[in-house]
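# Breakdown of the fold
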Amino acid sequence: MGWGNVSFLGKLWRGGAQKFDFDSGGASYVVELTKRNPVVSLTKQGAATGHLRVNLHWQMRTSDLHERGGQGRGGLLRHPGKLFKPEIVQAQGPAVVNVDLDLACLYELKDGTRGVVQPLGNFLGDLNGPPFVKLSGDDRFGSGSGETLYINLDHRDEIKRLLIFVYIYDGTPAFDRTHAVVTLYPSSGPRVDVKLDERAPQARSCAVFTLENTKDELMVRREVKYVYGFQAELDRLYGWGLQWGRGYKSKV
């Protein structure tokens, strides 16, 4: 099939993120899964049907790129305020972000079928047939739309468990600098955010969340577990039991 530190400044930057709470008037809101609150029930949210959209999106701070841009300490000395207000730039191309984040999914169906949906090997899945998970495409450069997986929850009774994960196919390990966020957009109810914001500067893969069908309830659980290898290491961690070989992407 193919396997294919958050700094002080980073903590300040994330600490300023706006939070959205439930609005009984029907306005949109966000559920953020954290270490303290790692689980949400899609069934109880009334969101266990239709297509669940899972989006991977990432950004980088210009302060992470000063060395490449020839700015560095001199720029901070001339503009010390930037130390506490880092400019946010969109990750638009390989000249900005020398990293290729891939969104992928390990699946296990109720009939015992197991496999992977990922860009490597062109295992893009199927939305209306097994595994009821489909990858929309491979975004290599962190464009505004990011990468998206679709999960057909109308077939939830055929799904046992899913593990959504992100791995760095190419480039320098940089989870601590990309500020990646995986967002779930159910057919109804709040969206769900999982931030990959823990320090793991050398990690190449991260288990983001699991979706399990237990006792007729669809549960999403935050994982955010980093590993230093690729899919085979995540497989061992979660007991999937697949056979893996080295995989490559076709060149753009």
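Counting starts from 1 at the beginning of each chain's written sequence and moves along it residue by residue. It should be noted that, the model being predicted, local features are given only for residues of pLDDT at least 70 and side-chain atom pairs only at 80 or more, the latter also being counted only at that level, while totals for whole chains, interfaces and linings use all residues. The basis for the side-chain values is all heavy atoms of the structure; hydrogens and waters are excluded.

## A word on the environment of Ala 232
By the criteria applied, helices consist of DSSP H or I runs no shorter than four residues and strands consist of E runs no shorter than two, each listed in order from the N terminus. By secondary structure assignment, the location of Ala 232 is in helix α5 (residues 231-238). For the exposure calls, accessible area comes from a 1.4 Å probe over protein chains only, and a residue counts as buried if that area is under 20% of its type's maximum, exposed if over 50%, partly exposed in between. Residue classification places Ala 232 among the buried residues on the basis of a relative accessible area of 17%.

## Observations concerning the sheet that holds strand β8 (residues 125-126)
The strand order across the open sheet formed by seven strands is β1-β13-β12-β3-β10-β9-β8, and the pairing between neighbours is mixed. Each of the sheet's edge strands pairs with one partner strand only, and the pair in question is β1 (30-32) and β8. Any two strands with at least two DSSP bridges between them are considered paired. Here strand β12 (residues 181-185) pairs with strand β13 (residues 191-195) via four bridges, running antiparallel. By the bridge assignment, Thr 183 is partnered in β13 with Asp 193.

## A look at the side chain of Glu 147
Along the polypeptide, Glu 147 turns up in strand β10 (residues 147-152). In this structure the side chain of Glu 147 is engaged in a polar contact, spanning 2.9 Å, whose partner is the backbone nitrogen of Leu 103. Polar contacts, as used here, are pairs of N or O atoms within 3.5 Å; protein pairs need one atom able to donate a hydrogen and one able to accept it. Residues neighboring in sequence count only if both atoms are side-chain atoms.

## Section: the environment of Leu 124
Tracing the backbone through its elements, the reader meets Leu 124 in the loop between β7 (114-117) and β8. Placed 19 residues apart in sequence, Leu 124 and Cys 105 show a C-alpha to C-alpha distance of 9.9 Å. We call two residues contacting when some pair of their heavy atoms lies within 4.5 Å. Not counting the four nearest positions on each side in its chain, Leu 124 is found in contact with Val 117, Gln 118, Pro 119, Val 133, Lys 134 and Leu 135.

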